[in-house]
Structures are given as C-alpha cells and as structure tokens.
Amino acid sequence: MNAWSAFRVIAAIALVPACYAPAFALASRTGPLGTLTLVTVILVSATVAFAIAAILVLQHKRSVGDFGARTVEARSALMWFAGSLALALPVVMIVQAGGEAPPDFIRALDIQAAFVLFVICASSQEELIFRGTLLGIFNNALAQGQWLGPVTLSAVLFGLLHLSVGPITAAAATLLGFLAGYARFRTGSLVTAILCHSAFNLASLLVRYI
C-alpha cells in the first residue's frame, strides 16, 4: 500500500466520527436518551454517509456500484438472511450469557418499536455507513478484488463502535461486520449486508422477547 492509499484509508476511518458527531450533536438537543434520540442518530448519520458517497461518485466519477448500489437475486438474498440468522442465534445467546446488555431505554422498547428501529432502520443505517461508504472507499484505496483487507478493516471499526456495551458485544459486532462485508463482496450488493445485519438484530429480539 503506497502513501496515497494509506492516506485515503486514514481519511475513510475519520469518516466514522464525521458521520456520528453531527448525529449525536443534534440528538443531544432532543432531551434525555430515548426513541427520538435514536431516530435522530439513525437519520442524520445515514444522511451524512449517503452524502459522502454521493460526493465521491460525482467528483471522482465512481460508479454507484462501488458503494453497493446493486440488485441481488431474491434466492441469494434469502440464503444470506437465513444463514446469518442461524449463526446469529448462538452468538446472541453467548452475548446475553456474558451479562452484556444495551442501554435501559433500548431494553424498554416494546417488540414492535424495537423491530422497526433495529431490524429495519439501524441495520440499514449502519450498513450504509460501514459496508456502503467505508467499504467502498477501502476497496478503492487498497488492492481492488482483494476482499480480506477492506472487509476486515470495516468489521474491526464496526466492532470498536460497540465496545462501550462490552467486549463480548464488540467481538460479536466484529463477526457480524465480517460476515456482512463478505456478503457485500460476494454479491456486490449492499442489500445482502443489510439482510445479514437484520438477521443478527432479529436474533437479538427473538432471544430477548420470546
């Protein structure tokens, strides 16, 4: 990796706080931690990540496909979701057995709200950031076609983001990030990454509520 590629990787890593800092700044104005705070973080951070990818496409003439904007066959999508769910259930049980839990306001959500916010919204938002914008930049900065480096880097960053919950959760998030990144690489589509993430979040809900 040459100096220019290294600079682009470092710049891409800096996009993580760039996405979340304005989101949390606005969310802090909504009052105590709650559903509105979570919705604000999801919407603002996803908007920033989308804007960054759009600027890169317009300024550097990259394809939107570089950021995962591609379709995927329904059968492939279903297989990735089902396989991820099968893997996620024991992983979630291990996390729960380790005594790590999300903040109280998240645990207080009813199952319908939790499904919408986490299985649908948060999964899409985090994958847009990590397997969409960031992975697209990493793949371009590093050797294209070599999936291991970019996928691992995005997965580790994703795991670190969850370290505040606990080390077991961070390890599980890293595993999820690696799986979602590999799915994105194999299919070329961000859709499969979102489905992998949704499967993990759905498994968390199933273990917690059922």
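Residues numbered from 1 in each chain as written. Predicted model: local features only at pLDDT ≥ 70, side-chain atom pairs only at ≥ 80, totals over all residues. Heavy atoms only, no water.

Here we look at the packing of helix α7 (residues 167-187) against helix α8 (residues 190-209)
Step number 1: Packing of α7 against α8 brings their axes to within 7 Å, and their N-to-C directions diverge by 150 degrees. Viewed along their axes, α7 and α8 adopt a mutual orientation that is roughly antiparallel. α7 and α8 meet at a crossing whose hand is right-handed. Judged by residue contacts, Ala-172, Leu-176, Leu-179, Ala-180, Ala-183, Arg-184 and Thr-187 of α7 engage Leu-190, Thr-192, Ala-193, Cys-196, His-197 and Phe-200 from α8.
Step number 2: Classifying every residue of the contact of α7 with α8 gives nine nonpolar, three polar and one charged. (Axes fitted to C-alpha atoms, helices over the stretch in contact; angles between N-to-C directions. Helix = DSSP H or I, 4+ residues; strand = E, 2+ residues; numbered from the N terminus. Parallel < 35°, antiparallel > 145°, perpendicular 65-115°, else oblique. Left-handed = near helix turned anticlockwise from the far one by under 90°. Contact = heavy atoms within 4.5 Å. Nonpolar A, V, L, I, M, F, W, Y, C, P; charged D, E, K, R; others polar.)

Concerning the side chain of Ser-45
Step number 1: Inspection of the secondary structure assignment puts Ser-45 in helix α2 (residues 35-60).
Step number 2: Looking at Ser-45, the relative accessible area reads 0%, which means it is buried.
Step number 3: At a separation of 2.5 Å, a polar atom in the side chain of Ser-45 contacts the main-chain carbonyl oxygen of Val-41.
Step number 4: Among the polar contacts made by the side chain of Ser-45, one reaches the main-chain carbonyl oxygen of Ile-42 at a distance of 3.4 Å.
Step number 5: When neighbours within four sequence positions are excluded, Ser-45 is seen to be in contact with Cys-19, Tyr-20, Ala-23, Gln-125 and Ile-129. (Buried < 20%, exposed > 50% of the residue type's maximum accessible area, 1.4 Å probe, protein only. Polar contact = N/O pair within 3.5 Å; in protein donor to acceptor, adjacent residues only side chain to side chain.)

A look at the packing of aromatic side chains
Step number 1: Tallied over the entire structure, the rule returns six aromatic pairs.
Step number 2: For the pair Trp-80 and Tyr-182, a centre-to-centre distance of 6.2 Å together with 70 degrees between the ring planes defines the contact as edge-to-face. Highlighted residues: Trp-80 in helix α3 (residues 74-97) and Tyr-182 in helix α7, separated in sequence by 102 residues.
Step number 3: A ring pair is formed by Trp-147 and Phe-185, whose centres lie 6.1 Å apart and whose planes are at 35 degrees; its orientation type is tilted. Of the two residues, Trp-147 is situated in the loop between α5 (111-141) and α6 (148-161) and Phe-185 in helix α7; the sequence distance between them amounts to 38 residues.
Step number 4: A residue is classified by how much of its surface remains accessible, and Trp-147, at 26% relative accessible area, is partly exposed. (Phe/Tyr/Trp six-rings, centres within 6.5 Å; stacked < 30°, edge-to-face > 60°.)

What to know about the nonpolar core
Step number 1: Residues Tyr-20, Phe-118, Ile-129, Phe-130 and Leu-134 are the most contacted members of the largest nonpolar core, which totals 55 residues.
Step number 2: Among the elements of the structure, α1 (3-27), α2, α3, α5, α6, α7 and α8 are those that each provide at least two residues to this core. (Core = buried A, V, L, I, M, F, W, Y, C linked by side-chain atoms within 4.5 Å.)

Considerations on the packing of α2 against α5
Step number 1: Contact geometry for α2 and α5: axes closest at 9 Å, N-to-C directions at 30 degrees. One finds that α2 runs roughly parallel with respect to α5. The crossing of α2 and α5 is left-handed. On α5, the residues that touch Thr-35, Leu-38, Val-39, Val-41, Ile-42, Ser-45, Ala-46, Ala-49, Phe-50, Ile-52, Ala-53 and Leu-56 of α2 are Leu-117, Phe-118, Cys-121, Ala-122, Gln-125, Leu-128, Ile-129, Thr-133 and Ile-137.
Step number 2: A class-by-class count of the residues in the contact of α2 with α5 yields 17 nonpolar, four polar and no charged.

Some words on the confidence of the model for the chain
Step number 1: Chain-level pLDDT for the chain is 90 on average; 97% of the residues reach the 70-or-more range.
Step number 2: Taken element by element, the predicted model of the chain shows its lowest mean pLDDT in helix α4 (residues 104-107) (77) and its highest in α7 (97). (pLDDT = per-residue confidence, 0-100.)

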